[in-house]
Amino acid sequence: MAELQDVADWSDLQHDLLVLVVRRLNLIEDYLNFGMVCKSWHYVATKANFNSDLPRIPWLMLAEEEDDNTCRKFFSLYNGMILKKRIPGASGKRCVESMGWLITVGKDEGKISLLHPFSGVQIELSHQNTTEDYYELNDTDEPWTFIRKAVLLANPSQTSDYVLMVIEGPNRFLSFWRPGDLLWTRIRNGTSFQHVSDVVYFDGLFYTVAYSGCVYVCDVAGSGPAKSHFVAKLPRDPDAECYILESLGSLFVVTLYYVIKRVEDDRDRIPLTPIFAKSHFVAKLPRDPDAECYILESLGSLFVVTLYYVIKRVEDDRDRIPLTPIFAKRS
C-alpha cells in the first residue's frame, strides 16, 4: 500500500511544465493524445500552445464518406496511421488546404470559408459570386469546383495580416482576398491572368505559371494594389501540365506528362504494356536543352517530369543570377 501512495500523480504536474512539454510535441497524433490524458492536460493542449513552427510531415485528408459526413479521416505519411476527426464545418463541402487551414466550398450554395480542422475556428470569406464577371463567365452547375487551388500568404492563426490567393473559375483566373474585403480582387497584367496552372507563395511573393508556359511573380503585400511582373516563357506542350515547386531554397517549374496507367486485368491491358519488356520505343516528348527529364510513379501511374530551373535564393549579391532583380522589383 505504501508503494502505491508513493506513485506520482501526473495530473498534478505544474501548468508551466506541461506547456513546455506540449510545445515540444512534433507529431499531431501525440498532441491530440496528450489532451485526452486528464483534465489538466486537456486545458494545456490548446491552439495557442501548439507549436506550428516545428517541422512536420503532412497528413492527407481523405474524401468524405457518404455514411458519416460529419467526420473526416486523415492519413499519416509518417506511420500510416488514420485519424478520424469530427469536423462539422467541412460537412458536404469540397476542401483544399494551405498552411494547415481548410478552404471549404459549399457543394450547393458555393459559400467559401477558412476552417481550421482541429481548433474549429471558421472565417467566412466573400462569396464566389463576388469575383469579377462571375455570372458572365462561370456557367458551371458545380459551384464546389470553383476554387481550383488556394494559397495563404500567412497563417491566420498567427496574424490578421494575411492574403488568400486562389485559382478560380472555369477560365482559371488568379484572384485574392484580404480580411475585410467585400469582393475578390482579380490579378491583372495588362489583361487578366487566365488559364493559370499553378500558384505558390515563396520568399514574400506569389509565383504563378500558366498553361502557356509563362511565369509571373505577384506582390500583394500591404493594402495597395497588386503588382505583377513577367518572369519567363517556358516551352509548352498542350498535352502537359505545369506546376511550381520549392526545394532547398530554389523554385522549379515541373512539366508533367502522362505516360501509362497500370491495369490489373489482362483483358483490359493496353497495347504499351508488353513493349516495356522488349525495350522498344514508346514515345517522344517535347524536349528543351535547358531542362531535365525524370520518370516517377504515383498512384499506379507513370509520369515523365520535365524540370525547369527558375530561381535560386542567394545570400551574396555578387552571385545573384539575372532573374533575381525581376523578383525583387516592386514598382
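Residues numbered from 1 in each chain as written. Predicted model: local features only at pLDDT ≥ 70, side-chain atom pairs only at ≥ 80, totals over all residues. Heavy atoms only, no water.

Naming follows an unreviewed UniProt entry, where the protein chain appears as F-box protein At5g55150 of Nicotiana tabacum.

Next up on the list: the overall build of the protein chain. The helix and strand inventory of the protein chain stands at seven helices and 21 strands. By residue count, 38% of the 331 residues in the protein chain fall in the buried class. Long-range pairs, those at least 24 residues apart, make up 43% of the contacts in the protein chain between residues at least 6 apart in sequence. When the accessible area of the protein chain is evaluated, it comes to approximately 19,700 Å², of which 54% is carbon and sulfur surface. (Helix = DSSP H or I, 4+ residues; strand = E, 2+ residues; numbered from the N terminus. Buried < 20%, exposed > 50% of the residue type's maximum accessible area, 1.4 Å probe, protein only. Contact = heavy atoms within 4.5 Å. Areas by Shrake-Rupley, 256 points an atom, 1.4 Å probe, with all protein chains shown as cover.)

Looking now at the packing of aromatic side chains. Where two aromatic rings form a pair, the distance of their centres and the angle of their planes describe that pair. Counted according to the given criterion, the structure contains seven aromatic pairs. Ring geometry for Tyr-134 against Tyr-135: centres 5.1 Å apart, planes inclined by 90°, an arrangement best described as edge-to-face. According to the relative accessible area criterion, Tyr-134 is buried, its value standing at 12%. According to the relative accessible area criterion, Tyr-135 is exposed, its value standing at 63%. With centroids separated by 5.0 Å and ring planes inclined at 55°, the aromatic side chains of Tyr-201 and Phe-206 adopt a geometry described as tilted. Site record: aromatic cluster; members linked through ring pairs are Tyr-134, Tyr-135 and Phe-146. Over the aromatic face of Phe-173 sits the side chain of Arg-186, whose NZ or CZ is 3.8 Å from the ring centroid. (Phe/Tyr/Trp six-rings, centres within 6.5 Å; stacked < 30°, edge-to-face > 60°. Lys NZ or Arg CZ within 6 Å of the ring centre and 35° of its normal.)

This paragraph deals with the pattern of salt bridges. Enumeration according to the criterion identifies four salt bridges in this entry. The salt bridge involving Glu-64 is made with Arg-72; its shortest N-O contact spans 3.7 Å. As a salt-bridge pair, Arg-186 and Glu-168 come within 2.9 Å of each other at their nearest N and O atoms. Taken together, the residues span a long stretch of sequence, with Arg-186 in strand β11 (residues 185-186) and Glu-168 in strand β9 (residues 164-168) at a distance of 18 residues. With respect to burial, Arg-186 and Glu-168 carry one shared label: buried. Put simply, Glu-64, Arg-72 and Lys-107 are held in one network by salt bridges that share partners. (Salt bridge = Lys/Arg side-chain N within 4 Å of Asp/Glu carboxyl O.)

Taken in spatial order, the four strands line up as β14-β15-β16-β17 in an open sheet, and their pairing is antiparallel. Edge strands, defined here as strands with exactly one partner in the open sheet, are β14 (196-202) and β17 (227-233). Sheet twist, expressed as the average angle between the axes of neighbouring strands with direction ignored, equals 20°. In the sheet, strand β16 (residues 214-219) pairs with β17 via six bridges, with the strands oriented antiparallel. Directly across from Val-217, in β17, lies its bridge partner His-229. (Pairing = 2+ DSSP bridges. Axes fitted to C-alpha atoms, helices over the stretch in contact; angles between N-to-C directions.)

Take empty space enclosed by the protein next. Across all of its chains, the model carries two cavities of 30 Å³ or more by this definition. Considering only enclosed or pocket space, the largest cavity measures out at about 50 Å³ in volume. Leu-137, Asn-138, Glu-168, Phe-173 and Arg-186 are, among the 13 residues lining the largest cavity, the residues nearest its centre. Counted by class, the lining of the largest cavity contains five nonpolar, four polar and four charged residues. (1 Å grid on protein atoms, 1.4 Å probe; cavity = no way out; pocket = protein on both sides within 12 Å on 5 of 7 lines; lining within 4 Å. Points joined across faces, edges and corners; volume = space filled by probe spheres on them. Nonpolar A, V, L, I, M, F, W, Y, C, P; charged D, E, K, R; others polar.)

Strands sit in the order β8-β9-β10-β11 across an open sheet of four strands; the sheet is antiparallel. Looking along the sheet, the strands with just one partner apiece sit at the ends: β8 (147-152) and β11. Bridge analysis of β8 against β9 gives five bridges, and the strand direction is antiparallel. Bridge assignment links Ala-150 to a residue of β9, and that residue is Val-166.

Moving on to the nonpolar core. Ile-147, Leu-164, Met-165, Leu-174, Phe-206 and Val-220 are the most contacted members of the largest nonpolar core, which has 31 residues in total. Going through the elements one at a time, β5 (101-106), β6 (112-115), β8, β9, β10 (173-177) and β14 are the ones with two or more residues in this core. Ignoring anything within four residues of it in the chain, the contact list for Phe-206 reads Val-151, Leu-152, Leu-153, Met-165, Val-199, Val-200, Tyr-201, Tyr-216, Val-217, Cys-218 and Val-220. Counting residues in each nonpolar core, the second largest holds 14 residues, with Tyr-207, Val-209, Ala-232 and Leu-234 among its members. (Core = buried A, V, L, I, M, F, W, Y, C linked by side-chain atoms within 4.5 Å.)

The subject of this paragraph is the environment of Trp-59. Relative to the helices and strands, Trp-59 is located in strand β1 (residues 59-61). Its relative accessible area of 16% is what places Trp-59 among the buried residues. For the pair Trp-59 and Gly-100, spaced 41 residues apart in sequence, the C-alpha separation works out to 9.5 Å. Dropping the residues within four chain positions of it, Trp-59 is found in contact with Ile-28, Glu-29, Phe-74, Phe-75, Ser-76, Met-81 and Leu-83.

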